[in-house]
Amino acid sequence: MSGLLRYIVQRILALAVTLFFVALIVFLLVRLLPGDPARVIAGVFASEEDVQRIRVQLNLDKPLPTQFVYFLASLLRGDLGISARTSEPVMREILSRLPATVKLAAASTFIAAAVGIPLGTIAATKAHSSLDFSISALVLFGISMPVYWLGIILIIIFAIHLRWFPAAGADQPSSLVLPSLTLAAFSVAFVARMTRSSMLEVLRQDYIRTAWAKGLSALVVLYRHALRNAMIPILTVIGLQFGELLGGAVLTESVFSWPGVGRLLVDSIFSRDYPVVQGIVLIFACLFALVNLLVDVLYGLIDPRIRYE
Amino acid sequence: MRRILILAVALVLGFAAAYGGSAAPAPTTFRIAIGIDPDTLDPAQTTTTTAANVLDYVVETLTTMDSEGKTQPLLAESWAVSPDGKSVTFTLRKNVRFHDGTPLTAQAVKWNLDRVLDPKVRVPIRAPYIPISRVEVVDPLTVRLVLKDPAAYLVAAMTWTTVGIVSPASVGKFGNTYENIVHPIGTGPYVFGSRVKGERIVLEKFPRYWGKKPFYDRVVVQIVPEATSRESLLLAGQVEMIILPPAADIPALQKNPNVKVLLAKGDRSIFIAINTQRPPFQKKEARQALNYAINKGAIIRSILFGAADPLDAPMPPVLFGYCKTGTYPYNPSKAKSLLAEAGISAGTEVELLTPTGRYLQDFQAAQAIAGYLREAGLRVNVRTMDWPSYIATITKPLPENQTQMHLLGWAPAYLDAHQQMLQFWSTQWPPAGLATTFYKNPRVDELIEAASKEVNPERRKDLYCQASKIIWDEAPWIFLWVQRFPIVYSAKVTNISSLPNEKFYAVYAEPVR
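Rules and cut-offs
Residues numbered from 1 in each chain as written. Chains lettered and ligands numbered in written order. Predicted model: local features only at pLDDT ≥ 70, side-chain atom pairs only at ≥ 80, totals over all residues. Heavy atoms only, no water. Helix = DSSP H or I, 4+ residues; strand = E, 2+ residues; numbered from the N terminus. Expected span 1.5 Å × (residues − 1). Buried < 20%, exposed > 50% of the residue type's maximum accessible area, 1.4 Å probe, protein only. Arc of directions from axis to C-beta. Contact = heavy atoms within 4.5 Å. Domains from an automatic or database assignment. Buried area = accessible area lost by both parts, 1.4 Å probe. Salt bridge = Lys/Arg side-chain N within 4 Å of Asp/Glu carboxyl O. Polar contact = N/O pair within 3.5 Å; in protein donor to acceptor, adjacent residues only side chain to side chain. Nonpolar A, V, L, I, M, F, W, Y, C, P; charged D, E, K, R; others polar. Disulfide = S-S within 2.5 Å. Axes fitted to C-alpha atoms, helices over the stretch in contact; angles between N-to-C directions. Parallel < 35°, antiparallel > 145°, perpendicular 65-115°, else oblique. Left-handed = near helix turned anticlockwise from the far one by under 90°. Pairing = 2+ DSSP bridges. Core = buried A, V, L, I, M, F, W, Y, C linked by side-chain atoms within 4.5 Å.

1. Here's the deal with helix H4 (residues 64–76) of chain A
Since the α-helix packs 3.6 residues into each turn, any two residues three or four apart lie on the same face.
Residue and element names in this part refer to chain A.
Piece 1. For H4, spanning 13 residues, the distance from its first C-alpha to its last is 18 Å, which sits close to the expected 18 Å at 1.5 Å a residue.
Piece 2. Listed as buried for H4 are Gln 67, Phe 68, Phe 71 and Ser 74. In an axial view of H4, the angular spread of the buried residues amounts to 135°, which keeps them on one side of the axis. Facing away from the buried side of H4 by over 90 degrees, the exposed positions are Pro 65, Val 69 and Leu 76.
Piece 3. Residues of H4 that are buried sit in contact with helix H1 (2–32) and helix H12 (274–302).
Piece 4. A positive phi of about 75° marks Gly 78, the residue just after H4.

This is the structure in structure tokens:
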């Protein structure tokens, strides 16, 4: 166990280094975008003096290295700065929206796992049957369907005609259903595909033939022996998908008016709100790294042969 | 058994009769879906009309505009402009209270206006109020603005939300600071209730409102960025009103008996700004040719679905100072001959820039315009980019500015020609302002300057009219259209109208009875 603990500490130290580089890259990247934040924020009717005043307030009149030092110094104090667009602390802006995005991503990840793994398993056991082909077709459909289109179709069917679920917003539990289904479509397909190929690999192994030969039931062979061994790549994909979902929720959040971080990010990019863009990218980088760490720790639980030393 | 049943029915009916009338009714709610999350709820910091529109429920201004765009009293009962035009005195309405119970006084008004002028506060639309040199409290209900120079448009500018009056006592409470108001306490018919960023703003009826009380107990403003989703919400009965539906769906919505479509007249001119200082369009004949080359009527019908009216002056008709100046009827052969006259050979390559999604069907309209210009013999490339990049590109100072033509919309915040004419005033060349055509005519400069200081309304109007005629003839723009502002609402509600500066007016909405 102490090995695991040391491993986690090491990973978190490595995370700090990663975050420094993420901070540097995002800092430079937003400043490479064309457009003057002060002008965008001031609006078309502002006078040049007012624009200049905003520039000074945002420290945009200082040279880049100075701006970066300011940024790092406040980061070390845990301060992400003040939003240029709303004049409110960036941390408060992000925290007020993060729960919605995490909820959506978590629900979609759950759906992806709960639907994708059984689908992939069935497809693998009945490989090359008509059932396998139907599942593959469904998977192809899920992967290639644009989120935007699927979302609108779901709204038309389930919100306008059947009126089962709300068309937009996040104010009731049932609000989560349509956006998480929409967001999960791609991941379900992706997880199903990964499960199928990973399972096919495992099902060819000798110990599976042995298990069948022992006369074990199909359920035990498939779930205890095969799936468990096939799980590592599947888990990796799910972990990566969760990260993808955090960032990829932008379109879904827009279609369903879901008040999440993705939309905040887009709004902030379009108004060149540097502090908020930097803050969101950093927090996403953190979350992504933590989820990956969690996945690595889970490997050990699934496969006791993996040691953290 | 039967007797028990009868008894039960009688009891139920009796209860219903006795208590039905007096049972507390559920609060009535009016739900609106808008497209953008207000960047601020601080009146002084507003930049967008949509945010201002929501704030108007809570915060009131000294003057307001009616549906015709005329300036009307609101918190000020009356006002007087001194004969030299260098001061304006407002008499405040009596017995007006802020939502925190404090009274509206001249002192409170002075505090608000001083705040708008204070460089410490970020006030993007400060320019109209710069002429105010100081604000004087004459007596508890009279406030006088002393001006550096006469500013004839100032009373109209007092209708805009930037100078909305909040309670000075609310600073230091509800998370408000002097620099940033997040919980506005005004005098309006609705009280700011709560806000979930990116999701909703809830407003509650103010029982002690000084004016006519609205019908609905509660107004919920939902933030729905996608036009298609706003439309879905309305069709699913989850909101009562939306603004800006998908333009292509306007005809279908107009046929739908469950909803009503209001294509409200607005003040947003849509035009192609022509760089008048760079090749190939320095000659006015060339620019007139561009105006003759385009069939505006056809574009409005087939691409804007009727949600616009052709411009017939350099400004929309709702502005004070408008006079009908002319038309450039669609005339392709005249366009060709004028281009030849200006020495522009067929096949000349030009670039047309356009934003995407900023104005109604902007990119699609630009494509159609490029098509017409190609018919006139030009080789037109249409290029689009995101808004911040766009603004940066078109506001480069002249020596670095490479633009030839770009599509732009211009909507004055208050309905006076002054803000419109900034587009043609050479003092406003970028980077000082957004006169991105780099148009310069000394006579027009003189007329605009004189009009901004003229106290007599008739003479002022005449000055603008003279300027308009010169501008129309010299055509620094391809004059396109005045965009309408589409509002769609449930057929179950009524009393919904609009203000001509792209605001909806639904404070007194009520169910159809």
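2. Quick look at the domain arrangement of chain A
All names here are of chain A.
Piece 1. When cut into domains, chain A gives domain 1 (3–76) and domain 2 (97–302).
Piece 2. The centre of domain 1, based on its C-alpha atoms, is set 32 Å off from the matching centre of domain 2.
Piece 3. The partner domain 2 presents 17 residues to the 22 residues of domain 1 that form the contact.
Piece 4. Taking both sides of the interface into account, the surface hidden between domain 1 and domain 2 amounts to around 1700 Å²; carbon and sulfur atoms contribute 77%.
Piece 5. Residues Asp 296 and Arg 11 are paired through a salt bridge, measuring 2.4 Å at the closest nitrogen-oxygen approach.
Piece 6. On inspection of domain 1 and its partner domain 2, the count reaches four residue pairs in polar contact (both at pLDDT 80 or more).
Piece 7. Among the elements that take part in the side of domain 1 that touches domain 2, H1 stands out by supplying 13 residues, more than any other.
Piece 8. Broken down by class, the residue content of the side of domain 1 that touches domain 2 amounts to 19 nonpolar, one polar and two charged.

3. Considerations on the interface of chain A and chain B
Piece 1. At the junction of the two partners, chain A supplies 44 residues and chain B supplies 44 residues.
Piece 2. Summed over both sides, the interface between chain A and chain B buries roughly 3700 Å², with carbon and sulfur atoms accounting for 54% of that surface.
Piece 3. The largest per-residue losses of area from chain A upon contact with chain B belong to Arg39(A), Val44(A) and Phe45(A), which jointly make up 17% of the total buried on that side.
Piece 4. Where chain A packs against chain B, one counts four salt bridges.
Piece 5. Across the pair Glu88(A) and Lys197(B) runs a salt bridge, and its minimum N-O distance is 2.9 Å.
Piece 6. Applying the counting rule to chain A against chain B returns 16 residue pairs in polar contact (both at pLDDT 80 or more).
Piece 7. Of all the secondary-structure elements, those providing two or more residues to the side of chain A that touches chain B are helix H2 (37–42), helix H3 (48–57), helix H5 (90–125), helix H7 (147–161), helix H10 (218–255) and helix H11 (261–270) of chain A.

4. Things to note about the state of the cysteines
Residue and element names in this part refer to chain B.
Piece 1. Taken as a whole, this structure holds one disulfide over all chains when the rule is applied.
Piece 2. Across the disulfide from Cys 323 sits Cys 465; the S-S distance is 1.9 Å. Its S-S torsion of approximately 100° makes the covalent link between Cys 323 and Cys 465 right-handed. Linking Cys 323 in the loop between strand S13 (308–310) and helix H9 (332–341) with Cys 465 in helix H14 (residues 457–474), this pair joins segments that are 142 residues apart in sequence. Take Cys 323 and Cys 465: they sit in the same class, and that class is buried.

5. Some remarks on the packing of H1(A) against H12(A)
Residues and elements named next belong to chain A.
Piece 1. The geometry of H1 relative to H12 is characterised by a closest axis approach of 9 Å and an angle of 155° between their N-to-C directions. Considering their axes alone, H1 and H12 lie roughly antiparallel with respect to each other. Seen along the crossing, H1 lies across H12 with a hand that is right-handed.
Piece 2. Taken together, the residues of the contact of H1 with H12 break down into 21 nonpolar, two polar and three charged.

6. So, the sheet that holds strand S6 (residues 132–139) of chain B
All names here are of chain B.
Piece 1. With antiparallel pairing, four strands are arranged side by side in an open sheet as S4-S5-S7-S6. Only two strands of the sheet have a single neighbouring strand rather than two, namely strand S4 (76–81) and S6. With direction set aside, neighbouring strand axes in the sheet form an average angle of 20°.
Piece 2. In the sheet, S4 pairs with strand S5 (residues 87–92) via five bridges, with the strands oriented antiparallel. Within S5, the residue paired with Ser 78 across the bridge is Thr 91.
Piece 3. Along the sheet face, helix H3 (residues 106–117) touches S5, S6 and strand S7 (142–147) and points at about 170° away from the line of S6.

7. Re the nonpolar core
Piece 1. One finds Ile299(B) and Trp481(B) to be the most contacted residues of the largest nonpolar core, which totals 123 residues.
Piece 2. A per-element tally of this core places helix H10 (residues 362–375) of chain B first, with seven residues.
Piece 3. Mapping this core onto the domain boundaries places at least three of its residues in each of domain 1 (59–170) and domain 2 (267–484) of chain B.
Piece 4. Setting aside its immediate chain neighbours within four residues, Trp481(B) contacts Arg268(B), Ser269(B), Ile270(B), Ile299(B), Ile300(B), Leu304(B), Ala308(B), Asp309(B), Pro310(B), Leu311(B), Ala365(B) and Ile369(B).
Piece 5. Within the second largest apolar cluster, 44 residues are counted, among which are Tyr7(A), Val22(A), Leu98(A) and Leu265(A).

8. Observations regarding the pattern of salt bridges
Piece 1. All told, the structure shown has 33 salt bridges over all chains when counted by the stated rule.
Piece 2. When the shortest N-O distance is used, the salt bridge between Arg218(B) and Glu204(B) registers 3.1 Å. Of this pair, Arg218(B) sits in strand S10 (residues 218–223) while Glu204(B) sits in strand S9 (residues 200–205), and the two are 14 residues apart along the sequence.
Piece 3. In this structure Arg218(B) comes out as partly exposed when scored by relative accessible area, which is 29%.
Piece 4. Assessed through its relative accessible area of 28%, Glu204(B) is described here as partly exposed.
Piece 5. A single salt-bridge network, built from bridges that share partners, covers Glu88(A), Arg92(A), Glu93(A), Arg97(A), Asp37(B), Arg195(B) and Lys197(B).

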